[in-house]
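# Fold and geometry: a report
Here is how the chains run, residue by residue.
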Amino acid sequence: MTTNKSVLAWIEEMKNLLNPDKVVWIDGSEEQLEALRKEACETGEMIKLNEEKLPGCYLHRTRENDVARVEDRTFICCRDEKDAGPTNNWKNPQEAYQMLFDIARGSYKGRTMYVIPYSMGPVGSPLAKIGYEVTDSIYVVLNMSIMTRVGTAVEEVLGDSEDWIKGLHAMCDVDPEKRYICHFPEDNYIISVNSAYGGNVLLGKKCFALRIASYLGKCENWMAEHMLILGIENPQGEIKYVTAAFPSACGKTNLAMLIPPESYRNKGYKVWCVGDDIAWMRKGPDGRLWAINPENGFFGVAPGTNEKSNPNALASTKKGTIFTNVALNLDDNTVWWEGLDKNPPEHAIDWKGNPWNGKESTEKGAHPNSRFTAPAKNCPCISSEFNSTSGVPVSAIIFGGRRATTTPLVYQSRDWNNGVFVGSIMASETTAAATGAVGVLRHDPMAMKPFCGYHMGDYFGHWIEMGKILGDKAPKIFNVNWFRLNEDGKFMWPGFGDNFRVLEWIIKRCEGKADAVETPIGYLPRPEDINLEGLDMDMETLKKILTVDNEKWTAETKEIEEYYKIFGDKLPAELRAELEGLKERLAK
C-alpha cells in the first residue's frame, strides 16, 4: 500500500462514495492473484479450464447486453464542447461527474473494493505512465494483471508524484440504459459504470492508453497511437522497427505476429512482435522517434484465430489466459470458437451459458466479439525489446485500410506532412452485408476515430507539429492495401505471411536501397522490386495492384473534400494544401 497523499486522499473519497464492505490493495503477487482466481471460481464468476491442456486458463461470461465497446455511451468530458470535436460524444464535466457519482453511489455495498496500481509501459520507463483503478470486479483485477504491469513496484516508482490517472469502475446493475464510459482529459480521470465487459472496464486499455494518453501526448509533445509495433530482422541480425495503424478487420494482429514466407525464413529473416494494438512514441535522445507498447498482454478477438490465420496468437492463449464469451467444450473442459477448427464440440455450453451442439445448432457457440486476454510473454515471436524502458526506434509508420479498388498495394508518402494527409484520409469500404450499399467509405483517420480524446482537427495539427519536432529524423510514412479485388471479387494479393514481401520494400526504402516510381499520390515500387519468389502470382497481376488510376483518385479527392468539412476551421492548413497539391498532380 502506498504512502502517496494524493492517491490515499482519492481512495478515501472513493470509499465514502462507493461504501464497500472491505478494501483490498492489489500487490501483484502470484499468491494474491491465485486466491482471487479461486474466489472467482467459487462464486461462478469464472470457470477453471483443463489444467493439462490449458494451464492457468479460465472462462468468463458477460451478460448478454454487455458484449462490446459502446461508442454511443462513450463520452469526452472537457470544459469546452468544441474541444471534443465532431468525432466524439461530449458531456459537460460537472454535470457528468454528478450523474456518474449518483449512479455509482453506494454500489459497492456488500462488495469488495479492489485498488489496482498499474503501469502502462515497462515499470520505470520514461515513456510509461501510472494509473490507479478501483473496481468491484475480480474479473477486472485478473485481466488488468495480464494487460498491464500491476503491483507494489508501480507504487514505488510513483513515489509522492501526483502524475497519475484516476480510474473508477463500478459494475452497478450492468444496466445498459445507465451505462457510461466517460473520460475527463483535463482532469486525468476515467469513470465507467454499468458495464463488466473488457473494453469498457479495463481502463488502462483504450480509455487511458488512447483517449487520455492522446490528449497527454498533445500537451507533452509525444504520441499515443492505435498502432502495432513490429521488428523485422534480416539475415545479418539487424532489426528495423515499424508501427502500423489499421481500422478493425484489416489484419492488424495478423501483421503484428506475422510469420515470413518459407523462402525468407530459410535465409534467416525473422519478425518480432513488440505490440499488437497501441504504441506510445516520443522523440529520443538521438532525435529519432522511439516507441513502447504500453500494454503487457493481448486482448484479442477469438473467432477466426486459428493455426493457419495466426499461429502465434493462438500459441499465446495456451496458458495463463482468460477467455471471455467463448464456448466451453464439456468433453475435455477446453474452449472453442467459430473459426478455431472444423470440428465443433457436440457436448458444449455456448457463450450465453446454454447447452450447445456445434454439429447441429444454428446459433454461434462463441460471441462474434468474444475475447482472449493472454500474457504477451506467451507469444513465440515476442521481441527481446518488449520490456525495454527506452523502447525501440521507429523507421517507418504504415497506414492501411480495406479498399477493393483505387488504393494500390503499397505507396510511400512524399514527405511527413503528405504522410499525415495519407493517415487522415484512411478509410475502409463497407460490404453489402453490412449496409446494403457496396463501396461506401467509412473514414477512420489513423485508426483513431473512436479513440482520439480531443478534437481530431487538433490531433492532425499535433501530427504536423511532431514532424517539425523530429525534422529529418522522422520515420518515413507508407500506406498499404492488402484487399484489392479482381473482376470476380477475389483478392488479388495473398496477404498474411506474404505481406512480408511489402515490408521488405518498405525497409529497403527506409535504408535508401530500393527504387520507386513517382506518381500523383506518392512513391510506388516498381513491380520488379516486390519479390514474388515462391508465390503463385504473375507479374501482370502485381502490376494491376501497383497502378494509380487518376480518374478514380480524382473522384476520391472530391470525397475527401466533403469529409474534411466536418473538421471546420480546425483542419490544419497543411492538410488543405496537401489535398490541393494532390488535385493538381492528378490533373496534369
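Between helix α2 (residues 30-43) and helix α4 (residues 138-147), whose axes approach to 10 Å, the crossing angle comes to 140 degrees. Considering their axes alone, α2 and α4 lie oblique with respect to each other. Judged by the sense of rotation from one axis to the other, the crossing of α2 with α4 is left-handed. Across the interface between the two elements, L33, L36, R37, E39 and A40 of α2 pack against I138, V141, L142 and S145 of α4. Taken together, the residues of the contact of α2 with α4 sort by class into six nonpolar, one polar and two charged.

With respect to the helices and strands, H226 occurs in the loop between β12 (223-225) and β13 (228-233). C-alpha separation for the pair H226 and I138, spaced 88 residues apart in sequence, amounts to 27 Å. Looking at H226, its side chain comes within polar contact range of the side chain of K206, at 3.3 Å. Polar contacts involving the side chain of H226 include one to the side chain of D277, which spans 3.1 Å.

According to the stated counting rule, one finds four cavities of 30 Å³ or more in the structure shown. Taken as a whole, the largest cavity holds about 120 Å³ of empty space. The wall of the largest cavity is formed by 14 residues, among which R403, T407, I425, M426 and N479 lie closest to the centre. Elements that contribute at least two residues to the lining of the largest cavity include exactly β29 (476-480) and α16 (550-564).

If you trace the five strands from one edge of the open sheet to the other, you get β2-β3-β19-β24-β18, paired in mixed fashion. Whereas interior strands pair on both sides, the edge strands pair on one side only; in this sheet they are β2 (47-48) and β18 (297-301). Alignment of strand β3 (residues 58-60) against strand β19 (residues 322-324), held across three bridges, turns out to be parallel. In the sheet register, H60 faces β19, and the bridge partner there is T324.

Quantified by volume, the largest pocket comes out at close to 1400 Å³. Taken together, 50 residues line the largest pocket, and the ones lying closest to its centre are P247, S248, A249, C250 and G251. Of all the secondary structure elements, the ones that give two or more residues to the lining of the largest pocket are α7 (204-220), α8 (252-256), β18, β24 (371-375) and β28 (441-443). Here the lining of the largest pocket takes four residues from α8, the largest share from any one element. Partitioning the lining of the largest pocket into residue classes produces 22 nonpolar, 16 polar and 12 charged. Approximately 580 Å³ is the volume attributed to the second largest pocket.

As a further point, take the packing of helix α11 (residues 416-424) against helix α17 (residues 573-587). Two numbers describe how α11 lies on α17: the axes approach to 9 Å, and their chain directions differ by 90 degrees. Viewed along their axes, α11 and α17 adopt a mutual orientation that is roughly perpendicular. Between α11 and α17, the residues in contact are N417, N418, V420, F421 and S424 and E574, L575, E578, L579, L582 and R585, respectively. Of the residues assigned to the contact of α11 with α17, the class counts are five nonpolar, three polar and three charged.

So, about the pairing of β29. The side chains of a regular strand alternate between the sheet's two faces. In terms of burial, β29 is a largely internal element, four of the five residues being buried. Both strand β25 (residues 392-400) and β29 contribute to a ladder of five bridges, which runs parallel. Considered in β29, the bridge of F399 is made with N479. Inspection of the sheet shows strand β26 (residues 410-412) paired to β29 by three bridges, in the antiparallel sense. Bridge assignment links Y411 to a residue of β29, and that residue is N479.

Glancing now at the sheet that holds strand β20 (residues 327-329). Spatial strand order, β21-β20-β22-β23: four strands in an open sheet with antiparallel pairing. Each having just a single partner strand, β21 (334-336) and β23 (355-356) make up the two edges of the open sheet. Two elements, β20 and β21, share three bridges in a ladder whose sense is antiparallel. Bridge pairing in β21 places N329 opposite T334.

Criteria and thresholds
Residues numbered from 1 in each chain as written. Predicted model: local features only at pLDDT ≥ 70, side-chain atom pairs only at ≥ 80, totals over all residues. Heavy atoms only, no water. Axes fitted to C-alpha atoms, helices over the stretch in contact; angles between N-to-C directions. Helix = DSSP H or I, 4+ residues; strand = E, 2+ residues; numbered from the N terminus. Parallel < 35°, antiparallel > 145°, perpendicular 65-115°, else oblique. Left-handed = near helix turned anticlockwise from the far one by under 90°. Contact = heavy atoms within 4.5 Å. Nonpolar A, V, L, I, M, F, W, Y, C, P; charged D, E, K, R; others polar. Polar contact = N/O pair within 3.5 Å; in protein donor to acceptor, adjacent residues only side chain to side chain. 1 Å grid on protein atoms, 1.4 Å probe; cavity = no way out; pocket = protein on both sides within 12 Å on 5 of 7 lines; lining within 4 Å. Points joined across faces, edges and corners; volume = space filled by probe spheres on them. Pairing = 2+ DSSP bridges. Buried < 20%, exposed > 50% of the residue type's maximum accessible area, 1.4 Å probe, protein only.

Read these as geometric descriptors, not functional statements.
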